[in-house]
Amino acid sequence: MKYISTRGAAERRGFSEILLEGLAPDGGLYLPERYPQVDTATLKAWRRLSYADLAFQILSLYIDDIPADDLHGICRRTYTEAVFGTPQIVPLKTLQPKLHLEALSNGPTLAFKDMAMQLLGQLFEYELGRRGQTLNILGATSGDTGSAAEYAMRGKRGVRVFMLSPHGRMSPFQQAQMFSLQDENIHNLVVQGVFDDCQDIVKAVSNDLAFKRRYRIGTVNSINWARLLAQVVYYFAGYFQATEEDGQPVSFTVPSGNFGNICAGHVARMMGLPIARLVCATNENDVLDEFFRTGTYRVRASAETHETSSPSMDISKASNFERFVYDLLGRDGQRTAALFRDAVEGDGRFTLAPEDFARVPRDFGFVSGRSTHADRLATIRHCFDRYGVMIDTHTADGLKVALERRDPQVPMIVLETALPVKFAATIREALGREPDRPAALDGIEAAPKRFTVVPADVQAVKDHIARHCPELSAGVAAASGG
Ligand SMILES: *Cc1c(COP(=O)(O)O)cnc(C)c1O
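In this text, all values refer to a predicted model and were calculated from it rather than measured experimentally.

1. Things to note about the environment of Arg 331
Within the secondary structure, Arg 331 is located in the loop between α14 (321-328) and α15 (333-347). Judged by relative accessible area, Arg 331 falls into the partly exposed class, the value being 24%. As a C-alpha pair, Arg 331 and Asp 392 span 61 residues in sequence and 37 Å in three-dimensional space. Other than its neighbours up to four places away in sequence, Arg 331 contacts Ile 4, Leu 31, Pro 32, Glu 33, Arg 34, Tyr 35 and Tyr 326. In terms of polar contacts, Arg 331 uses its side chain to reach the backbone carbonyl oxygen of Glu 33, at 3.0 Å.

This is the structure:
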């Protein structure tokens, strides 16, 4: 299997080549050159597999440059009951017949990003070991992504993580989760600024190509193909739990931000998994809902991006969306480049031609909806009162939209993307009580913390990285004259 760019560059690359990379050189995103097809007989055979073995089967269709035994070992080391809490890994909770939650947030950081990031940690360690290389992952986080990356990379050989977070902006629980890690290869840099400052610093460091090369700077952001691929697996696992017969359709509702999670659902559907509808749920930051309603994709300015009580969906543009549009346009790289490079990167918007827009629900199954703070509160209450199940704010956005968009004949699976304990303030507001907390995390706020406060300054961050990479810094001071 080779990978190609959504913007039409001719070069085709192997999985291991793109594993450690972000964007394709032409600014596009990587996609497989075709989607392997899964028929009913294959579904039948896969239905009885463990999650790790199912992951291995699906990944094998997309990865042909890692020996099968090694890949199987990687999947089995990643998806264990010890890490994800149950033997099913992503158990279904049935609220009522044909209405389910799929629990994706029982990993170490209690959000679904662990599903992909834990695999990425194993793949990175494997690939770097094979090449005899090291990698320094630099990122900015306001919560879920950074902690998922740190818990995936902690203790991994050949990898260090430098994670920037804004001073005093994360919840006490999120800070405790990240800062309590004592692993030598994890570096928490608390920036005296806001999240945008953190992001700007990451960009500035990555744009210094000499520094980037010398210090082997990499990222783990949501456009990474391996992350998306890992997420395809739980659409199959959810399907098998919600159906008894292969071929029976189901629908999924996905609380969406950067369009990574639901894009994995799109890939599963393109492979032939019988998905009737992919329901895209947004919060007040409704870039995607606007697109699915109108055919116009319009990115927002930071001033127009709202801070909400489902913060992991607070996005101004959806960084994986280009992948879907490429498929929608018949995989025409020139047209995709015209929309994203010329239009979006120009005046921040495009509108699809009516005949293309008509295909979005008809041929690709996408519909959408939007949820607000008041909807979240009402949905958290409804779910708790009616079903006795406590859900987090992001899952509540999903459930709210799922109930509007559901066809009673077709099982609906709502992806649970985080646990309520991460968003305690809104749970208290909705239910007047504290969220349940997994026993392992009792008292985490009191654990010793390990972090360094730095000014919102690019040089200060570079200096910190250089100081902590002695094997790469040797001779730098002399070469630059001190
Ligand atoms: C990241 C995240 C989302 C959004 O997922 P995308 O892949 O960016 O669409 C939703 N909910 C939670 C809890 C998240 O952490």
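2. Quick look at the sheet that holds strand β6 (residues 159-166)
The strand order across the open sheet formed by 5 strands is β8-β5-β6-β7-β15, and the pairing between neighbours is parallel. Of all the strands in the sheet, the pair left with one neighbour each is β8 (217-218) and β15 (452-455). Strand contacts of helix α7 (residues 144-153): β5 (135-140), β6 and β7 (186-192), with the helix running at about 160° to β6, the strand carrying the most contacts.

3. Topic: the nonpolar core
Within the largest apolar cluster, 114 residues are counted, with the highest numbers of intra-cluster contacts made by Tyr 62, Tyr 235, Phe 236, Phe 321, Phe 324 and Phe 350. Judged by nonpolar contacts, the second largest core, of 22 residues, contains Leu 377, Met 412, Ala 430 and Leu 431.

4. Brief notes about the site of the ligand
The full set close to the ligand counts 15 residues, and Lys 113, Asp 144, Gly 257, Asn 258 and Asn 261 are the nearest of them. Between an oxygen atom of the ligand and a main-chain N or O atom of Gly 260, the distance comes to 3.2 Å. For the ligand, an oxygen atom lies 2.9 Å from a polar atom in the backbone of Asn 261. Protein contact buries 96% of the 380 Å² of open area that the ligand shows by itself. Tallied by class, residues from the shell around the ligand come to 5 nonpolar, 8 polar and 2 charged.

5. Some points on helix α18 (residues 393-405)
Between the first and last C-alpha of α18 there are 19 Å, a value that for 13 residues agrees with the 18 Å anticipated at 1.5 Å per step. Within the span of α18, buried status applies to Thr 393, His 394, Thr 395, Ala 396, Asp 397, Gly 398, Leu 399, Lys 400, Val 401 and Ala 402.

6. A word on the pairing of strand β3 (residues 92-96)
The sheet contact formed by β3 and strand β4 (residues 99-103) spans 4 bridges and is antiparallel. Looking at β4, one finds that Thr 94 is bridged to His 100. Hairpin connection from β3 to β4: 2 residues lie between these consecutive antiparallel strands, with Lys 98 at a positive phi of about 65°.

7. A short note on the pattern of salt bridges
Evaluation of the coordinates by the stated rule reveals 33 salt bridges. Residues Glu 404 and Lys 400 are paired through a salt bridge, measuring 2.6 Å at the closest nitrogen-oxygen approach. In this pair, Glu 404 and Lys 400 are both assigned in helix α18, 4 residues apart and thus about one turn of the helix distant. Judged by its relative accessible area of 47%, Glu 404 falls in the partly exposed class. Residue Asp 436 pairs with Arg 433 through a salt bridge whose shortest N-O separation is 3.5 Å. Under the relative-accessibility criterion, Arg 433 is labelled partly exposed at 37%. Where salt bridges share partners, they join Asp 286, Glu 290, Arg 298, Arg 300, Glu 304 and Arg 370 into one cluster.

8. Section: the confidence of the model for the protein chain
Predicted confidence across the protein chain gives a mean pLDDT of 94, with 98% of residues reaching 70 or more. Counting contacts from residues 478-482, a segment whose pLDDT is below 50, to residues more than four positions away or on other chains yields 1 contact.

9. Points about the packing of aromatic side chains
The description of an aromatic ring pair uses the distance of the two centres, along with the angle that the planes make with each other. In total, this model carries 27 aromatic pairs according to the counting rule given. Aromatic side chains Tyr 235 and Phe 252 sit 4.7 Å apart centroid to centroid with 65° between the ring planes, which places their arrangement in the edge-to-face category. Note that Tyr 235 is positioned in helix α11 (residues 225-242) and Phe 252 in strand β9 (residues 250-255), a separation of 17 residues in sequence. Here Tyr 235 and Phe 252 have matching classes, each one buried. One aromatic cluster is present, built from ring pairs that chain together Phe 259, Phe 291, Phe 292, Tyr 297, Phe 321, Phe 324, Phe 340, Phe 350, Phe 357, Phe 364 and Phe 366.

Scoring rules and cut-offs
Residues numbered from 1 in each chain as written. Predicted model: local features only at pLDDT ≥ 70, side-chain atom pairs only at ≥ 80, totals over all residues. Heavy atoms only, no water. Helix = DSSP H or I, 4+ residues; strand = E, 2+ residues; numbered from the N terminus. Buried < 20%, exposed > 50% of the residue type's maximum accessible area, 1.4 Å probe, protein only. Contact = heavy atoms within 4.5 Å. Polar contact = N/O pair within 3.5 Å; in protein donor to acceptor, adjacent residues only side chain to side chain. Pairing = 2+ DSSP bridges. Axes fitted to C-alpha atoms, helices over the stretch in contact; angles between N-to-C directions. Core = buried A, V, L, I, M, F, W, Y, C linked by side-chain atoms within 4.5 Å. Near = heavy atom within 4 Å. Areas by Shrake-Rupley, 256 points an atom, 1.4 Å probe, with all protein chains shown as cover. Nonpolar A, V, L, I, M, F, W, Y, C, P; charged D, E, K, R; others polar. Expected span 1.5 Å × (residues − 1). Salt bridge = Lys/Arg side-chain N within 4 Å of Asp/Glu carboxyl O. pLDDT = per-residue confidence, 0-100. Phe/Tyr/Trp six-rings, centres within 6.5 Å; stacked < 30°, edge-to-face > 60°.

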